[in-house]
Amino acid sequence: QKEVEQNSGPLSVPEGAIASLNCTYSDRVSQSFFWYRQYSGKSPELIMSIYSNGDKEDGRFTAQLNKASQYVSLLIRDSQPSDSATYLCAGEQNAGGTSYGKLTFGQGTILTVHP
Amino acid sequence: KAGVTQTPRYLIKTRGQQVTLSCSPISGHRSVSWYQQTPGQGLQFLFEYFSETQRNKGNFPGRFSGRQFSNSRSEMNVSTLELGDSALYLCASSRGGQTNYGYTFGSGTRLTVV
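Residues numbered from 1 in each chain as written. Chains lettered and ligands numbered in written order. Predicted model: local features only at pLDDT ≥ 70, side-chain atom pairs only at ≥ 80, totals over all residues. Heavy atoms only, no water.

Before going further, it helps to spend a moment on the sheet that holds strand S3 (residues 19-25) of chain A. All names here are of chain A. The antiparallel open sheet is built from five strands, whose spatial order is S1-S3-S8-S7-S6. Each edge of the open sheet is held by one strand with a lone partner, namely strand S1 (4-6) and strand S6 (54-58). Mean inter-strand twist for the sheet, computed between neighbouring axes without regard to direction, equals 20°. Summarising the sheet, S1 and S3 pair through three bridges and their orientation is antiparallel. By the bridge assignment, Glu5 is partnered in S3 with Thr24. (Pairing = 2+ DSSP bridges. Helix = DSSP H or I, 4+ residues; strand = E, 2+ residues; numbered from the N terminus. Axes fitted to C-alpha atoms, helices over the stretch in contact; angles between N-to-C directions.)

Here we come to the interface of chain B and chain A. Between chain B and chain A, the residue contacts involve 19 residues of the former and 17 residues of the latter. Summed over both partners, the interface of chain B with chain A comes to about 1700 Å²; 52% of that surface belongs to carbon and sulfur atoms. At the surface where chain B touches chain A, the tally comes to zero salt bridges. Viewed at the interface, chain A and chain B are joined by five residue pairs in polar contact (both at pLDDT 80 or more). (Contact = heavy atoms within 4.5 Å. Buried area = accessible area lost by both parts, 1.4 Å probe. Salt bridge = Lys/Arg side-chain N within 4 Å of Asp/Glu carboxyl O. Polar contact = N/O pair within 3.5 Å; in protein donor to acceptor, adjacent residues only side chain to side chain.)

Below, the discussion takes up the state of the cysteines. Residue and element names in this part refer to chain B. Inspection of every chain in the model, using the stated rule, returns two disulfides over all chains. Here Cys23 pairs with Cys91 through a disulfide, and the sulfurs are 1.9 Å apart. On the sign convention where negative means left-handed, the S-S torsion of about 70° between Cys23 and Cys91 marks this disulfide as right-handed. Note that Cys23 is positioned in strand S3 (residues 19-24) and Cys91 in strand S9 (residues 87-94), a separation of 68 residues in sequence. Cys23 gets classed as buried once you look at its relative accessible area, which sits at 0%. On the basis of relative accessible area, Cys91 is assigned to the buried category, the value being 0%. (Disulfide = S-S within 2.5 Å. Buried < 20%, exposed > 50% of the residue type's maximum accessible area, 1.4 Å probe, protein only.)

In structure tokens form, the structure reads like this:
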């Protein structure tokens, strides 16, 4: 099993809809999770981080973490064409409670929001 | 506040040459990580430095090396370049303490090896 896997995509949703992006992970990356957005030709931009079970909301974005099932998801409400990008899920393995800077990324999901 | 600065933005090198990339983290951030991004392999972790010490290393050959200076700026070096080293090289900075507030990426250096 890959350490971090994203549902394959690409994902296309109409403007105003909810986009749902999912990610599963292995035991090796079980501490902290991040969602990054990457526009074509640009670097990844952090949009959400989540560390504990449950939901975390920030504007139109909601991250969900379920440690028992080992999945993390990102919901984008009221999707806009400007949300069209590749979304990367990343997990971090902490050693002894100290961050060691290693993020393991999924392969990314390309989201297209069409008007 | 200033973000993560990577220089240069673009590089073209010949096979066999070596290259040095630079990364200046966000002020106050002591951890710098390096990643390689290619269409086929995605984002892969190279190494991480904190307070001038390499704490973690990915599965890359010894041709890839790095260092961090006392001001937290970091450099990455690739020796004996191969065509397969063509990629976007990204650095990310974070505070590096026990509580992780996330990693901020720089704009990257796009390296082309010909």
